[in-house]
Amino acid sequence: MKECDKLKNIFKYTLTFIITVIICIISFILVTIIPNNLIKENIKESANYIYKLPVFMYVGNYKNKTNLVNNHPDPITLNLTYSLNPKKPITSIVLTKYYSTGKYLESINLREKAIHDYEPNQEYYRYWHGNIVIVKLLLLIFNYKEILVFLSSILVVLIVLITYQLFKRDKLLAFIFLIGNILIKVYVTFFHLSYLYMFLLSYILTLISFKLINAKEDKIYKLFIIGGVLANFFDFLTTETLVFALPFLVIFYFRYKDKKVDKEAFIFFIKSLLAFLLSYSLMWILNWLILVVFYHQSLSSFLTNHLLERSINKYTYTLRPFDSILYNIKGIIPFCYLNDLFMIVVISLYLIYIVINFIKKRFKLFELILVLISIVPIIRYLVLFNHSYGHFYFTYRALLPSVMISLLLIFRNIKRKRGD
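Description of the structure in this document.

### Quick notes on a positive patch on the surface
Part 1 of the reasoning: A surface patch of like charges, here positive, comprises K8, K12, K216 and K219.
Part 2 of the reasoning: For K216, the location among the structural elements is in the loop between α9 (193-209) and α10 (217-234).

See below:
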């Protein structure tokens, strides 16, 4: 590629990032200036409903932590939403304050805020909290319980649409997608807003990805730049790698399954992953810069409290190096019902199976790239070691593409041996 073409592409990618960020911020500002009295009744109904919920509840067997729904974040989100100041929208969305006593459960704080409309006194600026855009708009029509039903219904529709698109192209992959959703217990996400956002975003981008299977690579890179920005904007560290791994799996699989796979396909994977990671990371950096430059927040204390708390710190040294990975894999059916030894044996056998197939050259570059896609969430578990360990009850669902790829490699190899 000529130097001029490279510069043009860099300009296009930069512009894609900037436009996506601007749209996110403008949408947040527009939602913020909506008068809070328009959502007052639905906030009260929501607060009363959440007040009656336990902080930790289980969808099914209470002894199985993979069924856990942590009702701590959602009342904070509603509190943040109702605490937005329409007269100071920019400051409001950057500092994202909410009302908290520091003594009681967040469900109680939300109820007090809903009844008395106390002034926000607690800052929660380490995330963008772009999910408020969705929540406030829906609060104009629905209460919290109804929002859950509405968004869960959309997720079900997306699952059906993706399954249909897969079925038209590859019946095996359609079946594996459905099985994968069951194995990672996607139905648990129906009971919590914070669990839903990344699945909704990932599945929407996956539907778009069907249109980009044979598109020029620069369009695909733009998709993942947009995905990285939106994942950071809407999420608070849950299953963000889904936004890359699932759409890319669809694009890569159908783009190359009937073609000769060479090093260009590997470069395509690396560039797509970098497009997502860079835009995701730059969205963090932009948030930090705004806080430091315009609101005089301490960058050193912010980074120390936010990053080290979630990655490798003194506490993590008491754990084994791969505990965060094992804990997340334990979330998947059937491992969540079985003992650790069985899980380790199965994982070891699978890894041996993969290595043998590469040694015997049954698996080639196509399969290698699939394996690399599958380890994207696992790398995340290592980088954010402490967070992934402590919050495995929702981060394990990022393994959906990994589960799909594992099953896909096994079934494809069986079909190949049979000569199908």
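### Focus on the packing of helix α11 (residues 242-256) against helix α16 (residues 365-374)
Part 1 of the reasoning: Contact geometry for α11 and α16: axes closest at 10 Å, N-to-C directions at 175 degrees. Judged on the interaxial angle alone, α16 and α11 are roughly antiparallel. Judged by residue contacts, A245, F248, L249, F252, Y253 and Y256 of α11 engage F366, I369, L370 and I373 from α16.
Part 2 of the reasoning: Of the residues contributing to the contact of α11 with α16, the split by class is 10 nonpolar, no polar and no charged.

### Thoughts on helix α20 (residues 400-418)
Part 1 of the reasoning: An ideal rise of 1.5 Å per residue puts 27 Å on 19 residues; α20 measures up with 27 Å between its terminal C-alpha atoms.
Part 2 of the reasoning: In this structure, the buried side of α20 is in contact with α8 (171-183), α9, α11, α15 (340-359), α16 and α17 (376-383).

### Brief notes about α10
Part 1 of the reasoning: Here α10 contains 18 residues, and its C-alpha end-to-end distance of 26 Å stays within 8% of the 26 Å for a straight helix at 1.5 Å per residue.
Part 2 of the reasoning: Of all 18 residues making up α10, 14 are buried, and the element is well covered by its neighbours.

### Points about unusual backbone geometry
Part 1 of the reasoning: That bond from I333 to P334 is cis: its omega, 10 degrees, falls within 30 degrees of zero.
Part 2 of the reasoning: You can see P334 is positioned in the loop between α14 (323-329) and α15.
Part 3 of the reasoning: Backbone geometry places T96, a non-glycine residue, at a positive phi of 40 degrees.
Part 4 of the reasoning: The topology assignment puts T96 in the loop between α4 (89-95) and β3 (97-98).
Part 5 of the reasoning: Here the phi dihedral of H129 falls at roughly 60 degrees; this positive angle occurs in a residue that is not glycine.
Part 6 of the reasoning: Inspection of the secondary structure assignment puts H129 in the loop between β4 (122-123) and α6 (131-139).

### Quick look at a nonpolar patch on the surface
Part 1 of the reasoning: Together, F266, I267, I270, L274, L278, L282, I285, L289, V292, V293 and F294 give the surface a local cluster of nonpolar side chains, amounting to about 930 Å² of exposed area.
Part 2 of the reasoning: Along the chain, V292 falls in helix α12 (residues 263-295).

### Re the environment of L237
Part 1 of the reasoning: Note on placement: L237 falls in the loop between α10 and α11.
Part 2 of the reasoning: Of the residues examined, L237 reaches a relative accessible area of 5% and is grouped as buried.
Part 3 of the reasoning: When the C-alpha atoms of L237 and F394 are compared, they prove to be 9.7 Å apart, with 157 residues separating the residues in sequence.

### As for the packing of aromatic side chains
Part 1 of the reasoning: Inspection of the entire model under this criterion finds 38 aromatic pairs.
Part 2 of the reasoning: Measuring from ring centre to ring centre gives 6.1 Å for Y13 and Y221, while their planes differ by 80 degrees; the resulting arrangement is edge-to-face. One end of the pair, Y13, is in helix α1 (residues 3-32); the other, Y221, is in helix α10, with 208 residues separating them in the sequence.
Part 3 of the reasoning: Residues F233 and F234 carry aromatic rings whose centres are separated by 5.2 Å and whose planes lie at 70 degrees to one another, so their mutual orientation is edge-to-face.
Part 4 of the reasoning: Here the guanidinium or amino end of R111 rests over the ring plane of Y51, the centre of that ring lying 4.2 Å away.
Part 5 of the reasoning: We note R255 situated over the ring of F268; from NZ or CZ to the ring centre the distance is 5.0 Å.

Reading the values: the criteria
- Residues numbered from 1 in each chain as written.
- Predicted model: local features only at pLDDT ≥ 70, side-chain atom pairs only at ≥ 80, totals over all residues.
- Heavy atoms only, no water.
- Patch = residues over 30% accessible without salt bridge, like charges linked within 9 Å, V, L, I, M, F, W, Y side chains within 5 Å.
- Areas by Shrake-Rupley, 256 points an atom, 1.4 Å probe, with all protein chains shown as cover.
- Salt bridge = Lys/Arg side-chain N within 4 Å of Asp/Glu carboxyl O.
- Lys, Arg positive; Asp, Glu negative; His and termini not counted.
- Charge placed at Lys NZ, Arg CZ, Asp CG, Glu CD.
- Helix = DSSP H or I, 4+ residues; strand = E, 2+ residues; numbered from the N terminus.
- Axes fitted to C-alpha atoms, helices over the stretch in contact; angles between N-to-C directions.
- Parallel < 35°, antiparallel > 145°, perpendicular 65-115°, else oblique.
- Contact = heavy atoms within 4.5 Å.
- Nonpolar A, V, L, I, M, F, W, Y, C, P; charged D, E, K, R; others polar.
- Expected span 1.5 Å × (residues − 1).
- Buried < 20%, exposed > 50% of the residue type's maximum accessible area, 1.4 Å probe, protein only.
- Phe/Tyr/Trp six-rings, centres within 6.5 Å; stacked < 30°, edge-to-face > 60°.
- Lys NZ or Arg CZ within 6 Å of the ring centre and 35° of its normal.

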